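Structure assessment
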Amino acid sequence: AQSVAQPEDQVNVAEGNPLTVKCTYSVSGNPYLFWYVQYPNRGLQFLLKYITGDNLVKGSYGFEAEFNKSQTSFHLKKPSALVSDSALYFCAVRDDPGGYQKVTFGTGTKLQVIP
Amino acid sequence: DVKVTQSSRYLVKRTGEKVFLECVQDMDHENMFWYRQDPGLGLRLIYFSYDVKMKEKGDIPEGYSVSREKKERFSLILESASTNQTSMYLCASSGHLSFSYEQYFGPGTRLTVT
């Protein structure tokens, strides 16, 4: 079975400071990992993914994420937060041998960037 | 530009009514998904489809059914709506089965059952 955990319901960060949104996962095979963002009253938008290769993945809007196999983590990061980054962020995982493209989502982390 | 559309943004129905939620994608994607989103619970998969007329149960299929008669359209049906089905419903689609493509989401339908 696959699972993903986002340990923080909310993260507050000052504008201009670096931000980190945490995600840990559990799979039986090789993980496919994703981050999505949801702005108020909108559907989810894809940010970035890790399938294989370089552990540091770069995505949209200046976000990046680091895959750490030993810690089973895939934390989302950005060097300098913007107020417009305030949104709900979801981590998701798919187990490589998991058959059809069933993806498990975390419960979400609300990011609040304070001006 | 990729697009997933859902038939309604807001819907109010009465308990016991049959409810249809429609989703259409224009990307020729094989896979389509229905999720419900509830605060503190994240996204939970209701059903997904990997081909026309094919469907698989997700994590919470009880009280729901689906239909996929055409590749671009995936419908979610609440046979007899109940108040505990009040939620945000999100449709998504993704590409080829063999690759873990990202999912593209519609704007969501906020369903209220009274």
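Numbering of residues starts from 1 in each chain and follows the order in which that chain's sequence is written. Both sets of labels track the order of writing: A upward for chains, 1 upward for ligands. With the structure being a predicted model, the display of local features is reserved for residues of pLDDT at least 70 and the display and counting of side-chain atom pairs for 80 or more, all residues being used for whole-chain, interface and lining totals. Side-chain figures throughout are based on the complete set of non-hydrogen atoms in the structure, without hydrogens or water.

Take the pattern of salt bridges next. All names here are of chain B. In the sections that follow, a salt bridge refers to a side-chain nitrogen of Lys or Arg positioned within 4 Å of a carboxyl oxygen of Asp or Glu. Counted according to the given criterion, the structure contains ten salt bridges over all chains. Between aspartate 38 and arginine 36 there is a salt bridge whose closest N-O contact spans 2.8 Å. Residue aspartate 38 shares its accessibility class with arginine 36, and that shared class is buried. Where aspartate 38 meets arginine 44, a salt bridge forms, and the shortest distance between an N and an O atom there is 2.8 Å. Residue class for aspartate 38 comes out buried when judged on its relative accessible area of 12%. One salt-bridge network, held together by shared partners, links Arg36, Asp38 and Arg44. Only protein chains enter the accessibility calculation, which uses a 1.4 Å probe; a residue is then buried when its area is under 20% of its type maximum, exposed when over 50%, and partly exposed in between.

It is worth spelling out the state of the cysteines at this point. Counting rule for disulfides: a pair of cysteine sulfur atoms within 2.5 Å. For the structure shown, the criterion picks out two disulfides over all chains. Disulfide pairing places Cys23(A) opposite Cys91(A) at an S-S distance of 2.0 Å. Measuring the twist about the S-S bond at about -65°, one finds the Cys23(A)-Cys91(A) disulfide to be left-handed. Residue Cys23(A) is located in the loop between strand S3 (19–21) and strand S4 (24–26), and its partner Cys91(A) is located in strand S10 (residues 87–95); the two are separated by 68 residues in the primary sequence. One exposure class covers both Cys23(A) and Cys91(A), and it is buried. Between Cys23(B) and Cys91(B) runs a disulfide, and the two sulfur atoms are separated by 1.9 Å. Here Cys23(B) and Cys91(B) share a disulfide; its torsion about the S-S bond, -80°, makes the bridge left-handed. Highlighted residues: Cys23(B) in strand S3 (residues 19–25) and Cys91(B) in strand S9 (residues 87–94), separated in sequence by 68 residues. Just as Cys23(B) is buried, Cys91(B) falls in that class too. Every helix listed is a DSSP run of H or I at least four residues long, and every strand listed is a run of E at least two residues long, numbered separately from the N terminus.

Remember that the coordinates give geometry; whether it matters functionally is a separate question.
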